[in-house]
Each structure stands twice: as structure tokens, then as C-alpha cells.
Amino acid sequence: MPFLEAVRLALQTIRAQKLKSGFSAIGVFIGVTFLIGAWSIVNGMNRYMTDKFAGTLVGVNTFHLRRRPNVNFNVEDSVWRAWRRRPRIKFADADAVTQGLRMPVVTAWYSEDRGSVEYNGKVAKDITLEGATERYFDIMNLKIADGRAFTPQESKAGTTVVVLGYDLAQKLFPGVNPIGRTVRIHGIPYRVIGVVERQGNLLGISLDKFVVAPALSPIQREVNPPGVVDALIVKANSELEMRDAMDQTEAIMRSRRHLRPRQDDNFVMETSEGVLDFWKKLSRILYVVGPGLVGVALVVGGIVIMNIMLMAVAERTREIGIRKSLGARRRDILRQFLAESAALATVGATLGIGTGIVLSLLLKVATPLPAAVSPFSILLGVVVGGGVGIVAGVYPASRASRLDPIAALRQE
Amino acid sequence: MTDVQAFRTGDTPLPDIVILTHKLTRDYDMGGEVVRALRGVSLQIRKNEYVAVMGPSGSGKSTLMNLIGCLDTPTAGEYWLNGQKVSALSDDELARIRNKEIGFVFQTFNLLPRANALHNVELPLIYAGLPTKDRRARAARALARVGLADRMDHRPNELSGGQRQRVAIARALVNEPSILLADEPTGNLDSTTSAELMQVFQDLHHQGQTIVMVTHEHDIAAHAARVVTLRDGLVATDQLRAA
Ligand SMILES: Nc1ncnc2c1ncn2[C@@H]1O[C@H](COP(=O)(O)OP(=O)(O)O)[C@@H](O)[C@H]1O
Ligand SMILES: [Mg+2]
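Just so it is clear, the structure is predicted and the values come from calculations on it, not from any experiment.

Asker: How would you sum up the interface of chain B and chain A? Please name residues and give values.
Answerer: Each partner contributes residues to the interface: chain B has 22 residues there, and chain A has 26 residues. When the two sides are added together, the surface that chain B and chain A hide from each other amounts to roughly 2100 Å², 54% of it contributed by carbon and sulfur. Of all residues in chain B, Leu-71, Arg-114 and Tyr-127 of chain B bury the most surface against chain A, accounting for 31% of the area lost on that side. The tally of links between chain B and chain A comes to 3 salt bridges. The partner of Arg-330 of chain A in a salt bridge is Asp-91 of chain B, and the shortest N-O contact between them spans 3.1 Å. On the surface where chain B and chain A come into contact, there are 7 residue pairs in polar contact (both at pLDDT 80 or more). Elements represented by at least two residues in the side of chain B that touches chain A include exactly helix 2 (91-100), helix 3 (117-128) and helix 4 (132-145) of chain B. The element that contributes the greatest number of residues to the side of chain B that touches chain A is helix 2 of chain B, accounting for 5 residues.

In C-alpha cells form, the structure reads like this:
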């Protein structure tokens, strides 16, 4: 029997026995749905992390000098306690490093905390308050949508001016131009001079609920103890220069802190790679657990299909006998049943792919998870689905093909 | 007895002998106990003969038909079909012979219940590897030949017993086999329908078809020109009837 004939027969049988077929396709359907869905989440997270997360948090060719890592994962208590005992980074440290670096770099320092911002009786709570130097906007790639950023003079003088994040501006000034108006941060008035372009959100958290004021303005009292910064940010022109700058920074800091050669650094320099490390650890787990679960679903699907096919063979023994009596060879019968189970699995896989894609889109719209369907996973879904069908079909089909025609014909 | 070559092992049959069995035996091993269904059947059937096989129930008629129809293989003895020794062929070669050389009609029709008449008749052509268009045309012609041109898209359960058996005959003949085998073809039919079916067989015989038919009814056997009687797995009588 030609291949096409076998496929046509398989589809006919599936159509004739919709319920049973649907049942047996379900296993593969679930497996493939899960495969597409899970894969798209990991894939989306991955892309997101590399494109956006690390870039937003740290920046390209940029490192942060901090007391301890900002992004961390599964840290032991003892390590954590040691970090807390470290000296903080001071204005003076930041200045010394900035002066000491011998390559062209852009630096800024900042401190942040949460607090509320008030305008005309309206209070926005849980706002990130940033005290930063003027180059912060460039380094963090915050483009000004409206108005301007503060000048080096304002930064040095600690003028009470402020730049608002997009969401905050929308909240406090709906339909009103905020430039030139005065907001209060913990009682102290600041003049709004600019609004930053919309940043969107990160894992569902808005990146636009912040204010940036000069580091030396009164905001410094809200964000850190006197003279202390959260981080010095250094942006170099290239990866290579960044590495050099990190070496020099380490040397400067060690000498300022009088560390002896055997002593470890009591500060960290974080790069976007470091942040990505965190994600890589997490995604490695997902890449192991995910396929494992998918595998289980597919094995279950395969077993269901095998059982259904065995049932089909038992039920259709007489049909097999008739076909054999009319000249069907073993391989014809084998092909017929293999085509049937492969078709079942492929139908399941196709539905699974469709559902998986819909699920991913739903996830993307309805949750902060940045799901993105990977074309490779679709291909894999089809191949794996069809493969499961064929593997699961081999045993029942070979049983069918070896039936003795007379015995098969005698069956009622 | 018909006058034929005295066949010995090592001989080949004469050219116009379609079927030759020589000391054909078939034992069934029933868990230690051996049932000897055929105990040495030697038969020769010429082209365009019309042979009825009779005998009491359990005498080995169906066993013999299954062997002749290549659905089963003998325990010992020789079977030659159209000058080819069949008793030593492989599974696939037997399948090819069933497909091309043999048309089998069963007592219980053995039609695929979910397929319509046309598709049932098409089946042997599918396994012969014919393209769809030729298959359709030939199956339709075969159905027309048995008077079912207007029933092609009916399923077996939409047809009467006689019509089902005609579909089975059309299917048996669609590949123009050298022999038509029928194992109690009227066993499930009433006498009127049986008579009609015998007319179909008669016509086929006149058109040159070689036919071997099992029956235990004398008036059915009366349609054949030659009657072979089996008893206890052996040929008891083998008689030509006056035409
Ligand atoms: N598959 C089988 N297994 C065991 N015994 C069988 C089988 N087929 C037939 N027989 C036995 O062989 C003998 C001949 O059977 P069969 O050829 O069917 O007789 P008939 O068709 O003349 O009634 C009987 O005794 C029957 O019980
Ligand atoms: Mg019988």
C-alpha cells in the first residue's frame, strides 16, 4: 500500500472514531502544549533578561562599585552578615575613583530609597527617590521627554530641582504640564524641571515611578546616611576599557581602605554579566526541569496512544484478516497502523502547538511574564509529537502485521 | 475419477492444471493433541473447471480451501498453482498470490463494515498498487458485473445478504484471479437468493472462470460439473457429473 494511501486511511479511521482518537491524542496534546508554553516563557525571559533587564539595571560596558552585590541569589547567612559589616561607599570614595581613573569614562553616583512625593495635596506613595549626580541620566540611558535634566552646577550646588519618572508625572499631573511646578518630598519643595521618557515595566514592576534630584540636595537625607552613596557607576567606551577601569578602581579602593595583599576586597564591582549570572543560574534549572516535565507528559501520551492502538488492533483483528486475505502484506498492515498512530500524535501535537501559542500570548498579555514563542519549539513539537506516535505505534502495529489471516478472520 | 496425470513428487503439473495438490496434509497442534484435518489430499483441477467440494462437517473442507487460497500453509505435501509450487513460498509471496491469483468468497461475506461497496471492492486493487482512478473504474465495473451498479456507495449494513455476497464476489473477481474460491457461499442466504447466486456462478463459469466451491447442500453442488467429497481429511469420491 502506498504511503499516501496509508495516511488517507489513517485519517479516515480517526474521523470515524473521533472520541477514541481525541482521547489518545490528548497525551501528546498536553505534552506539546506544555513544551511550547514552558519553552516560550523561558525563551521570553531569556531574551528579556539579556536585552532589557541587565541593560536596565547595570548598562553596557558599565560597572557599579558597591558595598555588596545588588542582585543576588541564594546567599548564605554568614556571607550576608559579612557583607553587612563592610564599610559603605562614601562621596569621597566616589570622587577619588572618578579623579583617579586614567581612561575616558563617564561616572555618576547615586543613592536611592523609597518614599512619597506630594503635589497639591495629592500623594504618590512607594516612589523610588534617587539622589544622583548629573551624568546619571546618560549612564542609565534615561532620555528626557520633556524639560531638561539638571546641570553640573545644580548637581554640585545641591539645588532643589527634580526630574520625574513618566508614571509619577502622569499620576501627580494628569493633563497638566508639570514643568515649573513644585512638588514636595518629605516636606521639602522641589521644582520640577523634566520628565523622563517612559521605561515600561520589568517583570510587572513599573520602571517609571521615580524622582531624580541632585545628590547633594536635601534628598540625600532621605536616601542614605550623610556622605554615603549606594553606588558609583562607571561607564567606559569598550569592554576592554571597562576591565581596565575595574582594575584601577580596585587598586584605588584597596589603597584607600588600607587592605593588605592577603585580604579580600570589601566592596564589589558589578557588571551586567554579573546580573546575568543570576539569571543564567535560574534558567539552567528551568532548562533541566522543563524538558523533564515535557518528557514525562510525552511518555504518558505515548503510553496512552500505545494502549489505544493495541485496543484498535484487538478490535480490528477481523479487518486485518480481511485485508490480509485480499493480499495485504505485513508491511502494508504495519504501515497502516503506524500511520494511524503517527497521525493521532501529529493531530495532538498540532492542537498542542496551537494551544501552546495561544497560552503564551495569554501569559504575555495577562501576566508580567515576557513569554515569546520560539520557532524551534514549534518544530520540535511536531517532530517529537510525530515521533512519539511512531514509537508508540511500533509495537501494536507489528502485532497487527503478524496476525495469522485465518485466525484473524475467525474472530468475531 | 477424472483422468489426469499420475503425479509423483518431483514432477511438474501439466500446463492446463490450475490447481494441483499432492498428498497435502494439515495438522493442528492443540496443545499436545494433534488434530489431523487433512491427511493426504491429492487433487488436480483444470482451467475453467467448476468443482464442488462436499463432505460432512469437520471433514476438512475449509482447511483445504484455506490451503488452496494461500491463507494457510500445509504441514506436508505439495501445492502447485498455475505451475508454481506454492507450498514453499514466503509470507510476502503468498500475499501477492492471494492478491493476484485468488478470489475468495466467504460464508460470512467478510466485508469491511465501515467501507462502502465500492471501497470494499477496491481493496485488492489498493494492495496491487493501482492508482486511484484505475481502481475506481475497475471496482465500479466489477460491481456492475454482479448487478450492483446502483449500490456502490452503500455500506454492507445497507445491503441485503444476497447483495453483500455479490459485493464479495465483485471483490473476489476485481483482480481477475485464476481461481474463484467460495467456502459455503450460500450458507447465510435463503434459497431464492442462493439460486440467484448460483446463477452468477454459472455465468462466471461460462465466461471461463475456474471455480472451487464448498457446500454441504446437494442442490447447490448440483450446479457444479464435478463433485469432490471429503471424509476425515481424505478424498472419498471425485465424480464428474453428466452435463
Ligand atoms: N484452527 C484450528 N485449530 C484446531 N483445529 C482446527 C482448526 N481448524 C480446523 N480444525 C479442525 O480440523 C478439522 C477440519 O476442520 P474444517 O476444515 O473447518 O472442516 P469443515 O470445513 O469441513 O467443516 C476439524 O476437526 C476442526 O475441528
Ligand atoms: Mg467449513
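Asker: How would you explain the site of ligand 1 if you had to name every residue and give the values?
Answerer: In the vicinity of ligand 1 there are 13 residues, among which Gly-58, Gly-60, Lys-61, Ser-62 and Thr-63 of chain B approach most closely. Bordering ligand 1 are residues originating from chains A and B. Between Ser-59 of chain B and ligand 1, the recorded distance is 3.3 Å, taken from a backbone N or O atom to an oxygen atom. With respect to ligand 1, the side chain of Ser-62 of chain B contributes an N or O atom lying 2.8 Å from an oxygen atom. Across the complex, the protein chains shield 69% of the 550 Å² of accessible surface that ligand 1 would expose by itself.

Asker: Give me the sheet that holds strand 7 (residues 179-183) of chain B: which residues, what numbers.
Answerer: Pairing between sheet strands relies on hydrogen bonds along the backbone, with the strands arranged either parallel or antiparallel. Residue and element names in this part refer to chain B. With mixed pairing, 6 strands are arranged side by side in an open sheet as 6-7-8-3-9-10. Of all strands in the sheet, those bounded by a partner on one side alone are strand 6 (102-105) and strand 10 (234-240). Within this sheet the neighbouring strands show an average axis-to-axis angle of 15 degrees, counted without direction. Looking at chain direction, strand 3 (residues 50-54) and strand 9 (residues 226-231) are connected through 4 bridges and run parallel. Note that in strand 9 the partner of Met-54 across the bridge is Thr-229.

Asker: An account of the packing of helix 1 (residues 3-16) of chain A against helix 12 (residues 330-366) of chain A is requested, with residue identities and associated values reported.
Answerer: The description of two helices packed together rests on the angle between their axes and the distance between the axes. All names here are of chain A. For the pair helix 1 and helix 12, interaxial distance at closest approach is 8 Å and the crossing angle is 55 degrees. With respect to helix 12, the element helix 1 is oriented oblique. The two elements helix 1 and helix 12 meet at a crossing, and its hand is right-handed. Together, Phe-3, Ala-6, Val-7, Leu-9, Ala-10, Leu-11, Thr-13 and Ile-14 of helix 1 and Arg-335, Gln-336, Ala-339, Glu-340, Ala-343 and Leu-344 of helix 12 make up the contact between the two elements. By residue class, the composition of the contact of helix 1 with helix 12 is 10 nonpolar, 2 polar and 2 charged.

Asker: I'd like to hear about the pairing of strand 7 (residues 182-185) of chain A, residue by residue, with values.
Answerer: Residues and elements named next belong to chain A. A one-sided burial pattern is seen for strand 7, the buried positions being Val-183 and Ile-185 and the unburied ones Thr-182 and Arg-184. The sheet contact formed by strand 7 and strand 8 (residues 188-196) spans 4 bridges and is antiparallel. Bridge pairing in strand 8 places Val-183 opposite Tyr-190. The hairpin turn running from strand 7 into strand 8, its antiparallel successor, is 2 residues long, and His-186 in that turn takes a positive phi close to 50 degrees.

Calculation criteria
- Residues numbered from 1 in each chain as written.
- Chains lettered and ligands numbered in written order.
- Predicted model: local features only at pLDDT ≥ 70, side-chain atom pairs only at ≥ 80, totals over all residues.
- Heavy atoms only, no water.
- Contact = heavy atoms within 4.5 Å.
- Buried area = accessible area lost by both parts, 1.4 Å probe.
- Salt bridge = Lys/Arg side-chain N within 4 Å of Asp/Glu carboxyl O.
- Polar contact = N/O pair within 3.5 Å; in protein donor to acceptor, adjacent residues only side chain to side chain.
- Helix = DSSP H or I, 4+ residues; strand = E, 2+ residues; numbered from the N terminus.
- Near = heavy atom within 4 Å.
- Areas by Shrake-Rupley, 256 points an atom, 1.4 Å probe, with all protein chains shown as cover.
- Pairing = 2+ DSSP bridges.
- Axes fitted to C-alpha atoms, helices over the stretch in contact; angles between N-to-C directions.
- Parallel < 35°, antiparallel > 145°, perpendicular 65-115°, else oblique.
- Left-handed = near helix turned anticlockwise from the far one by under 90°.
- Nonpolar A, V, L, I, M, F, W, Y, C, P; charged D, E, K, R; others polar.
- Buried < 20%, exposed > 50% of the residue type's maximum accessible area, 1.4 Å probe, protein only.

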